[in-house]
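Here is how the chains run, residue by residue.
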Amino acid sequence: MAVPLQQAARIGSYVLKQHLSGRKRYPLVLMLEPLFRCNLACAGCGKIDYPDEILNQRISVADALASAEECGAPVVSIAGGEPLLHKELPQIVEGLIKQKRFVYLCTNALLLEKKMHLYRPNPFFTWSVHLDGSKEEHDKSVCQDGVYEKAVGAIKSAKAAGFRVNINCTFFDGTDPERAAGFFDDVMALGVDGITVSPGYAYERAPDQQHFLNRRKTKQLFRDIFRLGNRAKKWKFSQSSLFLDFLAGNQTYHCTPWANPTRNVFGWQRPCYLLGEGYARSFKELMEETDWDSYGTGNYEKCADCMVHSGFEGTAVADAIQHPLKAFRVSRQGVTVTGEMAPEIPLDKQRPAEYVFARHVEKAVEEIHTRKEELERQRRSAAE
């Protein structure tokens, strides 16, 4: 199975405990971005378009571990940027494992073979290698030739060293279902332990705005792909069966962004991993003072086409707890790929998009300059 039994049992127990306690909103996966700096410049990425003052920032080991404790999510997905550029990342991973959290380290794999010796195989640790399709498609997506082959080589090395390895892939408009299915066959043949898949989200600052999927195209694309894979049963996904069923248009889900809270160099990002419209100083402030009802498909224009796992996987997991027989049926029979799709959420009452991101960046840069000036004053004062 794509998710080890120990991990599935611990997470299932955690989720059930939240439901039995009547807790409406709870975290499932902490999205930890210890830096935004990257060694690639992908056309569909909205995470690296910052001034150098921001790209040079790092979350410390102490802050990363404290954030995980504060949040309490059983899973931590370390993203970025390219996390392997963070010199203290091995200490962060080691500390999270000591907290008994399941760690997925997301990487483009360009540095994986060079840095692999700094990490040890562990049931709580998984490499999550970014691959957006076959060689031609992936290298086009990351805007650099040769990256696919380096990633495949790193996957083979990691598996040979005894690590768990997943791949995470994002599909965009124009994805050919047969090529996507062939890509899934190829990565399974590499021996990867699981696949995380998601449709692309239209980051407002991404260089390429032309190839993001709308919801109707997303649903049809995944139906076409899953049909070629025995209703998705042919491949091992590290995602719930109901989330895959949602991608194929069979579930009407509202997003639960609090299930995957994001902690990055700005703080706790509101409202989600993909949309930065403010930052909280603490996890408690994020949960209690964010106007969650003003976001999501049907509520906010920017969210209209989103079907990304960081917004909807938590919804699918909660649905599986509430309706275990439905989840079991989809798991056993596979994803429905024919017939009428579930009703879509109406968009007629959504509020218009607000573009506030630039103000947050400007404020952060000002704060960085202020801190530097204060440190320089202290240094001069000490020297005198």
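Chains are numbered independently. Their residues run from 1 in the order of the written sequence. Selection of residues for local features in this predicted model requires a pLDDT of at least 70, selection of side-chain atom pairs for listing and counting requires 80 or more, and totals for whole chains, interfaces and linings are taken over all residues. Note that water and hydrogens are dropped before the side-chain values are worked out from all heavy atoms of the structure.

Another point: the pairing of strand 2 (residues 75–78). Burial along strand 2 is two-sided: Val75 and Ser77 facing one way and Val76 and Ile78 facing the other are all buried. Examined bridge by bridge, strand 1 (residues 29–32) and strand 2 share 4 bridges and lie parallel to one another. When the sheet's bridge partners are listed, Met31 is paired in strand 2 with Ser77. Between any two strands, pairing holds if DSSP finds at least two bridges. Strands here are runs of E lasting at least two residues and helices are runs of H or I lasting at least four, both read from the DSSP assignment and numbered beginning at the N terminus. Where strand 2 lies against strand 3 (residues 102–107), 4 bridges are found, and the strand directions are parallel. Along strand 3, the bridge assignment pairs Val76 with Val103. As a crossover connection, the stretch from strand 2 through helix 4 (residues 89–98) into strand 3 is right-handed. To sort residues, take the accessible area from a 1.4 Å probe on protein chains only and compare it with the maximum for the residue type: under 20% means buried, over 50% means exposed, and anything in between is partly exposed. Throughout, right-handed denotes a crossover for which the path from the first strand over the helix to the second runs clockwise when the strands point away from the viewer.

All right, on to helix 7 (residues 147–160) then. Any helix carries an expected span of 1.5 Å times its number of residues minus one. With 14 residues, helix 7 should reach 20 Å at 1.5 Å per residue; the first-to-last C-alpha distance of 20 Å fits that figure. Packing partners of the buried residues in helix 7 comprise helix 5 (112–115), strand 4 (125–130), helix 6 (135–142), strand 5 (164–171) and helix 8 (177–189). The contact rule is simple, with two residues in contact once any of their heavy atoms fall within 4.5 Å.

Further remarks concern the state of the cysteines. Criterion for a disulfide: a pair of cysteine sulfur atoms within 2.5 Å. Applying the stated rule across the entire model yields 0 disulfides. Here Cys71 stays unpaired: no disulfide links it, and the sulfur of Cys272, its closest cysteine neighbor, is 15 Å away. For Cys272, which is in no disulfide, the shortest distance to another cysteine sulfur is to Cys303 and amounts to 6.4 Å.

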